[in-house]
Amino acid sequence: MAKGVMIVAEQREGALRKISLELASTARKLADQTGDEVSAVLLGSGVEGMAAELGKYGVDKVFVGDNAALEPYVTEAHAEVTAKVIKDNDPAIVLFGASVQGKDLSARVAAKLATGLATDCTDVKLDGGKLVATRPMYAGKCFGEVVINAAPQVASLRPNVFPAAENAKAGAVTKVDVAVGEQKSKVLEVQKDTSGKVDLTEANVIVSGGRGMKGPEGYAILEELAEVLKGTVGASRAAVDAGWRPQKDQVGQTGKVVSPNLYVACGISGAIQHLAGMSSSKCIVAINKDAEAPIFTKADYGVVDDLFKVVPELTAVCKKLVA
Amino acid sequence: MNIIACVKQVPDTEAQIKVKADGSGIEEGQIKWVMNPYDEFGVEEALKLKEKNGGDVTVISVGPARAMETIRTALAMGADKGVHICDPAFDGADAYVVANALAAVIKTLPHDIIFCGQRAIDDDAGQVGAMLAEALGVPQLTLVTKLEFAGSSVKVIRPIEGAQLSIETALPCVVTAQKGLNEPRYASLPGIMKAKKKPVDVKDAAAIGVATDAKAKVAKTIPPPARPPGKIVCGDDPAQKAAELGRLLREEAKVI
Ligand SMILES: Cc1cc2nc3c(=O)[nH]c(=O)nc-3n(C[C@@H](O)[C@H](O)[C@H](O)COP(=O)(O)OP(=O)(O)OC[C@H]3O[C@@H](n4cnc5c(N)ncnc54)[C@H](O)[C@@H]3O)c2cc1C
Ligand SMILES: Cc1cc2nc3c(=O)[nH]c(=O)nc-3n(C[C@H](O)[C@H](O)[C@H](O)COP(=O)(O)OP(=O)(O)OC[C@H]3O[C@@H](n4cnc5c(N)ncnc54)[C@H](O)[C@@H]3O)c2cc1C
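Residues numbered from 1 in each chain as written. Chains lettered and ligands numbered in written order. Predicted model: local features only at pLDDT ≥ 70, side-chain atom pairs only at ≥ 80, totals over all residues. Heavy atoms only, no water.

Caption draft 1: Expanded view of the site of ligand 1. Residue and element names in this part refer to chain B. If you check the shell around ligand 1, you find 30 residues, and the closest are Lys 8, Asp 39, Ala 120, Gly 126 and Gln 127. Between ligand 1 and Asn 36 there is a distance of 3.0 Å, counted from an oxygen atom to a side-chain nitrogen or oxygen. In the model, a nitrogen atom of ligand 1 is placed 2.7 Å from a nitrogen or oxygen of the Val 62 main chain. Considered on its own, ligand 1 offers 890 Å² of accessible surface; in the complex 85% of this is hidden by protein. Of all the secondary structure elements, the ones that give two or more residues to the shell around ligand 1 are β4 (56-62), α3 (95-106) and β6 (113-117). Class assignment of the residues belonging to the shell around ligand 1 gives a composition of 15 nonpolar, 7 polar and 8 charged. (Near = heavy atom within 4 Å. Polar contact = N/O pair within 3.5 Å; in protein donor to acceptor, adjacent residues only side chain to side chain. Areas by Shrake-Rupley, 256 points an atom, 1.4 Å probe, with all protein chains shown as cover. Helix = DSSP H or I, 4+ residues; strand = E, 2+ residues; numbered from the N terminus. Nonpolar A, V, L, I, M, F, W, Y, C, P; charged D, E, K, R; others polar.)

Spelled out as structure tokens, the structure:
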């Protein structure tokens, strides 16, 4: 009988990623309702030390797979080992992060296990012991409550949505067999972004600019505000297509879907494709000189004025507030 | 080169989505249907590979009768032939079912590289590419923004959070496309005329021999949670508005 909740932890370069703690806390909450165990799969090279931190966030048992072939992440190797650990331990529910790696891995593993997967969930609950996963569809224009009629029930959780709360458990380590065959894919190079900014999908604060920024130079004032708020700068598609900002900065239906605590939209009209990418943000601020701009329909706070005047003032105000 | 591009017909990004009163899905009446935007990047990359290396591009779609329009769009862009997997049995299919249906057809065709979109903008599952790769037993390269073909392998760029990976993979493989990979071409008028005569093979579930029962089901569709109405921040000048906004963000929203 399938039992318990298993999370597939994600680490990079010797540290757990924040999503792993969000997964652990969420799994703990679910498992406590049925009095079951939370286990974790942790793969990589030299990762055993991270098991203790998973324990701190509610994991009872950590299956550690340590092998140089698992670092850096290669889909097929991770999928093979992860699927084997799941099969051998038969959890009722498996949770992945809906990060780039988690999405890549979860779909492959679900296919290996011939089961269903609910992607990018923003809520999970139990109903009569069965998982009900709520996930945005049509880029957040509606939501679906997904149930999975196969075992295990697999879901990936959107980063930054589920709280990570300490709840110390054993985090006892069990080593697993990690024999993986010759891989057809090879990572040739990892080119790190040296800006030191967190990725938009993981940022707590995003300051975004659109066509209203008038050109690439305009973004300097957004960078300053983002710096003060420890945030990351995003952009509308119009700004990306104009070549003012790199593709990775685009928020929206054909860019990144983000859920920060604070999203500040400057000189963005609020086209439906842009709103699709950011309307799950917890607090939305719009700064736009056109009072009729659709962005104001989603904004918690709107400022109708010239952004080139408001943003520098706001930066000065915030500097004092956070000091 | 034998190139396959998987395409899905989805509601236009401008579409207003209205949930049916009983939560059983969305109202489809007013919707304009288009090729999934990410699939346009996949088809474009397929055509570019063919133009450079020779070969043949086959587009495949699982969907109701209207999905034929999307196959014709890809043919008008320059693809050579199509396969339309069309059967009411696929109503309510999930990514697993769709991926296995695509795999069943692709196994019968020569294939060096298969393109999917990174996700379909309706269900937003982002699963089919990886599940298809598993069903075919080939590697997957998801969220690709650059691709170079090198004979028996491809080299791609794949952005992850805070870094870019350069990955080399032996063919055949599945590649999922995202914005940045290329600029999809528009179908030309002669292209549209030619597309009408290109062959499209229509197959039902029995012909491809796959199970159609979904593992994941949307039990209920619900409208997004309503946001409380916003406030317009008042003030005589930009400085006052900024000060008031800062105060609200600190004291009321508690986000800074
Ligand atoms: C309750 C319900 C009812 C549904 N009813 C129908 C229906 O009547 N008819 C129907 O066709 N679908 C229907 N679907 C949708 C469905 O089967 C999806 O295609 C499937 O869930 C895949 O998820 P996705 O579209 O999000 O694909 P993703 O995994 O996000 O798609 C990624 C990529 O895979 C490829 N791909 C995805 N789907 C297809 C496809 N169908 N054909 C070719 N390539 C594809 C594309 O390249 C796409 O860019 C229904 C889904 C649900 C949940
Ligand atoms: C298939 C498809 C996919 C798409 N995907 C995306 C996507 O992922 N993301 C996305 O963003 N868009 C997307 N779009 C594009 C979208 O439709 C809009 O064109 C785009 O979002 C507009 O960007 P914008 O708001 O920056 O520009 P505009 O709509 O031009 O708005 C500029 C705004 O700036 C304001 N402004 C100008 N000067 C000032 C000033 N000095 N002070 C204050 N305000 C000022 C103006 O009042 C205006 O509201 C997509 C479109 C399609 C067709």
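Caption draft 2: Quick look at the sheet that holds strand β17 (residues 283-288) of chain A. Taken together, 6 strands build an open sheet; the order of strands is β15(A)-β14(A)-β16(A)-β17(A)-β18(A)-β14(B) and the sheet is parallel. Both edges of this open sheet fall to β15 (232-235) of chain A together with β14 (231-232) of chain B, since each of them pairs with a single strand only. Across 2 bridges, strand β18 (residues 301-304) of chain A lies against β14(B) in parallel orientation. Looking across to β14(B), one finds that A:Tyr301 is bridged to B:Lys231. Along the sheet, helix α5 (residues 219-228) of chain A contacts β14 (205-209), β15 and β16 (262-266) of chain A; its crossing angle with β15(A), the most-contacted strand, is approximately 140°. Against the sheet, helix α7 (residues 238-252) of chain B touches β16, β17 and β18 of chain A together with β14 of chain B, its axis set at about 175° to β18(A). (Pairing = 2+ DSSP bridges. Contact = heavy atoms within 4.5 Å. Axes fitted to C-alpha atoms, helices over the stretch in contact; angles between N-to-C directions.)

Caption draft 3: Region of interest: the side chain of B:Asp94. Residue and element names in this part refer to chain B. Within the secondary structure layout, Asp 94 lies in the loop between β5 (81-85) and α3. Here Asp 94 sits buried without a salt bridge, and the closest side chain of opposite charge, Lys 215, lies 7.6 Å off (N-O distance). There is a polar contact of 3.1 Å between the side chain of Asp 94 and the backbone nitrogen of Val 97. If we skip the residues at most four places from it in the chain, Asp 94 touches Ala 214, Lys 215 and Ala 216. (Buried < 20%, exposed > 50% of the residue type's maximum accessible area, 1.4 Å probe, protein only. Lys, Arg positive; Asp, Glu negative; His and termini not counted. Salt bridge = Lys/Arg side-chain N within 4 Å of Asp/Glu carboxyl O.)

Caption draft 4: Molecular detail of helix α3 (residues 75-89) of chain A. Residue and element names in this part refer to chain A. The first and last C-alpha atoms of α3 sit 21 Å apart over 15 residues, in line with the 21 Å expected at 1.5 Å per residue. Three or more residues of α3 are buried, namely Thr 75, Glu 76, Ala 77, His 78, Ala 79, Val 81, Thr 82, Ala 83, Val 85 and Ile 86. Trailing α3 by a residue or two, Asp 90 shows a phi angle of about 55°, which is positive. (Expected span 1.5 Å × (residues − 1).)

Caption draft 5: Representation of the domain arrangement of chain B. Partitioning chain B into structural domains gives domain 1 (2-208) and domain 2 (226-256). Taking only C-alpha atoms, the centre of domain 1 of chain B and the centre of domain 2 of chain B are 45 Å apart. (Domains from an automatic or database assignment.)

Caption draft 6: Seen up close, the sheet that holds strand β12 (residues 172-175) of chain A. Residue and element names in this part refer to chain A. Ordered in space as β7-β11-β6-β1-β4-β5-β12, the 7 strands form an open sheet in which the pairing is parallel. With partners counted over all chains shown, the strands left at the sheet margins are β7 (117-121) and β12, one partner each. Ignoring which end each strand starts from, the neighbouring axes of this sheet average 25° apart. As defined by bridge partners, β7 adjoins strand β11 (residues 153-157) across 3 bridges and the pair is classed as parallel. Pairing of Leu 117 across the sheet is with Val 154, part of β11.

Caption draft 7: Expanded view of the interface of chain A and chain B. Listed by partner, the interface residues are 86 residues for chain A and 77 residues for chain B. Surface buried jointly by chain A and chain B totals about 6,900 Å² across both partners, of which 57% is contributed by carbon and sulfur atoms. For the interface between chain A and chain B, the tally reads 8 salt bridges. Residues B:Glu134 and A:Arg108 are paired through a salt bridge, measuring 2.9 Å at the closest nitrogen-oxygen approach. Inspection of the region where chain A meets chain B yields 51 residue pairs in polar contact (both at pLDDT 80 or more). (Buried area = accessible area lost by both parts, 1.4 Å probe.)

Caption draft 8: Representation of the domain arrangement of chain A in the model. All names here are of chain A. Domain annotation for chain A reports domain 1 (5-175) and domain 2 (200-322). The straight-line distance from the C-alpha centre of domain 1 to that of domain 2 is 32 Å. In this complex, domain 1 contributes 8 residues to the contact, which on the side of domain 2 involves 11 residues. Taken over both partners, the interface formed by domain 1 and domain 2 buries close to 850 Å², and the fraction arising from carbon and sulfur atoms is 40%.

Caption draft 9: Quick look at the nonpolar core. Residue and element names in this part refer to chain B. In this structure, Ile 85, Ile 106, Met 131 and Leu 132 are the most contacted members of the largest nonpolar core, which totals 54 residues. Of all the elements, α3 adds the most residues to this core, at 10 residues. Discounting residues that sit within four places of it in the chain, Ile 85 has contacts with Ile 60, Ser 61, Val 62, Gly 63, Phe 90, Ala 101, Leu 102, Val 105, Lys 203 and Ile 208. The next biggest cluster of nonpolar side chains, apart from the first, holds 41 residues, and it includes Ala 5, Met 35, Val 43 and Val 57. (Core = buried A, V, L, I, M, F, W, Y, C linked by side-chain atoms within 4.5 Å.)

Caption draft 10: Fine view of the site of ligand 2. Lining the immediate environment of ligand 2, one finds 27 residues, of which A:Arg211, A:Ser236, A:Thr254, A:Ser269 and A:Gln273 sit closest. At ligand 2, the nearby residues belong to more than one chain, namely chains A and B. In the model, an oxygen atom of ligand 2 is placed 2.8 Å from a nitrogen or oxygen of the A:Gln250 side chain. The side chain of A:Asp306 places a nitrogen or oxygen atom 2.9 Å from a nitrogen atom of ligand 2. Taken together, the residues of the shell around ligand 2 break down into 6 nonpolar, 14 polar and 7 charged.

Caption draft 11: Representation of the pairing of strand β8 (residues 123-127) of chain A. All names here are of chain A. Side chains Val 124 and Leu 126 of β8 all project onto a buried face; the interleaved residues Asp 123, Lys 125 and Asp 127 project onto a face where none is buried. Across 5 bridges, β8 lies against strand β9 (residues 130-137) in antiparallel orientation. Looking at β9, one finds that Val 124 is bridged to Ala 133. The antiparallel hairpin formed by β8 and β9 contains 2 residues in its connecting segment, where Gly 128 sits at a positive phi of about 60°.

Caption draft 12: Here's a closer look at the pairing of strand β4 (residues 38-44) of chain A. Residue and element names in this part refer to chain A. Along β4, 7 of the 7 residues are buried, which leaves the element largely enclosed by surrounding structure. Both β4 and strand β5 (residues 61-66) contribute to a ladder of 6 bridges, which runs parallel. Pairing of Gly 44 across the sheet is with Asp 66, part of β5. Where the polypeptide runs from β4 across helix α2 (residues 51-56) and back to β5, its parallel neighbour, the crossover connection is right-handed. (Right-handed = clockwise from strand over helix to strand, strands pointing away.)

Caption draft 13: Highlighting the packing of α3(B) against helix α4 (residues 128-136) of chain B. All names here are of chain B. Two elements in contact, α3 and α4, have axes separated by 8 Å at closest approach and are oriented at 45°. Between α3 and α4, the crossing angle belongs to the class labelled oblique. Where α3 crosses over α4, the handedness of that crossing is right-handed. Contact with α3, carried on its side by Ala 95, Tyr 96, Val 98, Ala 99, Asn 100, Leu 102, Ala 103 and Ile 106, involves Val 128, Met 131, Leu 132, Ala 135 and Leu 136 of α4 and no other residues of that element. The residue makeup of the contact of α3 with α4, split by class, is 12 nonpolar, 1 polar and no charged. (Parallel < 35°, antiparallel > 145°, perpendicular 65-115°, else oblique. Left-handed = near helix turned anticlockwise from the far one by under 90°.)

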